[in-house]
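Descriptive structure summary
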Amino acid sequence: MKLLVVGSVAFDAIETPFGKTDKILGGAATYISITSSILGVKSGIVSIVGGDFPQEHLDMFTDRDVNIEGIEIVKEGKTFFWSGKYHNDLNTRDTLVTEVNVLEHFEPKIPDSMQDSEILLLGNLHPGVQLSVLEKMNQRPKLVILDTMNFWMDCAWDILMEMIAKTDVITINDEEARQLSGEYSLVKAAKKIHTMGPKYVIIKKGEHGALLFHDGKVFAIPALPLEDVFDPTGAGDTFAGGFAAYLAKKGKIDFETMKSALIVGSAMASFTVEKFGTERIEEVSEADMFSRLRQFKELTTFDVELE
Ligand code: AMP
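The name an unreviewed UniProt entry gives the protein chain is Sugar or nucleoside kinase, ribokinase family, with Chryseobacterium polytrichastri as the organism.

Across its full length, the protein chain holds 11 helices and 14 strands. A globule of 307 residues ought to have a C-alpha radius of gyration of about 19 Å, and the protein chain, at 18 Å, matches this closely. Seen along its three principal axes, the alpha-carbon backbone of the protein chain occupies a region of about 70 × 40 × 35 Å. Evaluated residue by residue, the protein chain yields a buried proportion of 54% over its 307 residues. By element, 49% of the accessible surface of the protein chain is carried by carbon and sulfur atoms, the whole surface being about 14100 Å². Across the protein chain, the mean location of the 31 positive side-chain charges is 4 Å away from that of the 47 negative side-chain charges.

What follows covers the UniProt feature "domain: Carbohydrate kinase PfkB" (unreviewed entry) in the protein chain. Cross-referencing UniProt, the feature "domain: Carbohydrate kinase PfkB" (unreviewed entry) maps to residues 3–279 in the present numbering. This span, residues 3–279, is 36% helix and 27% strand, and a straight line between its end C-alpha atoms measures 23 Å.

Taken together, 14 residues form the shell around the ligand, and within it Ser8, Asp12, Gly27, Gly234 and Asp237 come nearest. Gly27 is positioned with one of its backbone polar atoms (N or O) 2.7 Å from an oxygen atom of the ligand. Separating an oxygen atom of the ligand from a backbone N or O atom of Gly234 is a distance of 2.8 Å. Protein contact buries 85% of the 510 Å² of open area that the ligand shows by itself. Elements with a minimum of two residues in the shell around the ligand: β2 (10–16) and α8 (235–250). When grouped by side-chain class, the residues that make up the shell around the ligand number four nonpolar, seven polar and three charged.

Running from N to C, helix α1 (residues 28–38) and α8 point in directions that differ by 40°, and their axes come no closer than 8 Å. With respect to α8, the axis of α1 lies oblique. In this structure, α1 meets α8 at a crossing whose hand is right-handed. Along the contact surface, α1 presents Ala28, Tyr31, Ile32, Thr35 and Ser36, while α8 presents Asp237, Thr238, Gly241, Gly242 and Ala245. Of the residues contributing to the contact of α1 with α8, the split by class is four nonpolar, five polar and one charged.

What counts and what doesn't
- Residues numbered from 1 in each chain as written.
- Predicted model: local features only at pLDDT ≥ 70, side-chain atom pairs only at ≥ 80, totals over all residues.
- Heavy atoms only, no water.
- Helix = DSSP H or I, 4+ residues; strand = E, 2+ residues; numbered from the N terminus.
- Rg over C-alpha atoms; globule rule 2.2 N^0.38 Å.
- Buried < 20%, exposed > 50% of the residue type's maximum accessible area, 1.4 Å probe, protein only.
- Areas by Shrake-Rupley, 256 points an atom, 1.4 Å probe, with all protein chains shown as cover.
- Lys, Arg positive; Asp, Glu negative; His and termini not counted.
- Charge placed at Lys NZ, Arg CZ, Asp CG, Glu CD.
- UniProt positions renumbered as here; feature names shortened; annotations may be inferred.
- Near = heavy atom within 4 Å.
- Polar contact = N/O pair within 3.5 Å; in protein donor to acceptor, adjacent residues only side chain to side chain.
- Nonpolar A, V, L, I, M, F, W, Y, C, P; charged D, E, K, R; others polar.
- Axes fitted to C-alpha atoms, helices over the stretch in contact; angles between N-to-C directions.
- Parallel < 35°, antiparallel > 145°, perpendicular 65-115°, else oblique.
- Left-handed = near helix turned anticlockwise from the far one by under 90°.
- Contact = heavy atoms within 4.5 Å.

Shown next, in the form of structure tokens:
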């Protein structure tokens, strides 16, 4: 199955307790497409950058067989820039700067070559922009996966609700699930979010793993316990990328396949946090991925004898 990714391609400047970076490559669509290329899944990006976006980054995508026909380049514009600083626990961060730049007037255009995509992954963007992508598809993709955040709940509630109503799988973190549903219990939150539209609800719990809810069933996975977490930026996007790419690779959309997809997403995200930005995920090979998946299997497989 073909994967269409809509999301930011950006510059980030990141500060963690271990150091800081200048402007480096970032953006949700960037993490997602790099991750799907590691799984050997072809993706196409729909996004926008400015004339300041280096050719070498575009080449990185094409070298990975990512279709970048849908990345609009506004020569006289500047690329979206985000800067964040993590607290000592690395679970929370402050946004220091958001320069929306070319993203402000982003009107996604779907290239003909990506119109037949079966899976659409809508990275965190204004829900109105996400909705416009669906409207521009000649036919509805088989699966619409939505990533969103609390910011849009605060300032674009109605249109976010409209977008969520058209979503098959929503991925959000625990605090966002609570805000969206008004329920503290994540089980109750997922139930309520189902009624808003999505048949599948994924709740991410950072270093504590993730939950998948569907049709009265729940599946839980841990995050790989890592000795050192260096920079969590992009972990959520990498997770979504691994999840969507696995489904695309298998060509199957059901709860059982999604359980495995959740593991793949989590394993891929465990790489991203090991270095700044995209540095680590860019060097991951297929063999590295398999080895980490084996670690996951060891972590989660056990026998119980009751007698
Ligand atoms: P995550 O750590 O998974 O939340 O994603 C981090 C990425 O999201 C960074 O690479 C940023 O460039 C990008 N990002 C941050 N804020 C926004 C925003 N308002 N719209 C689109 N992308 C954003």
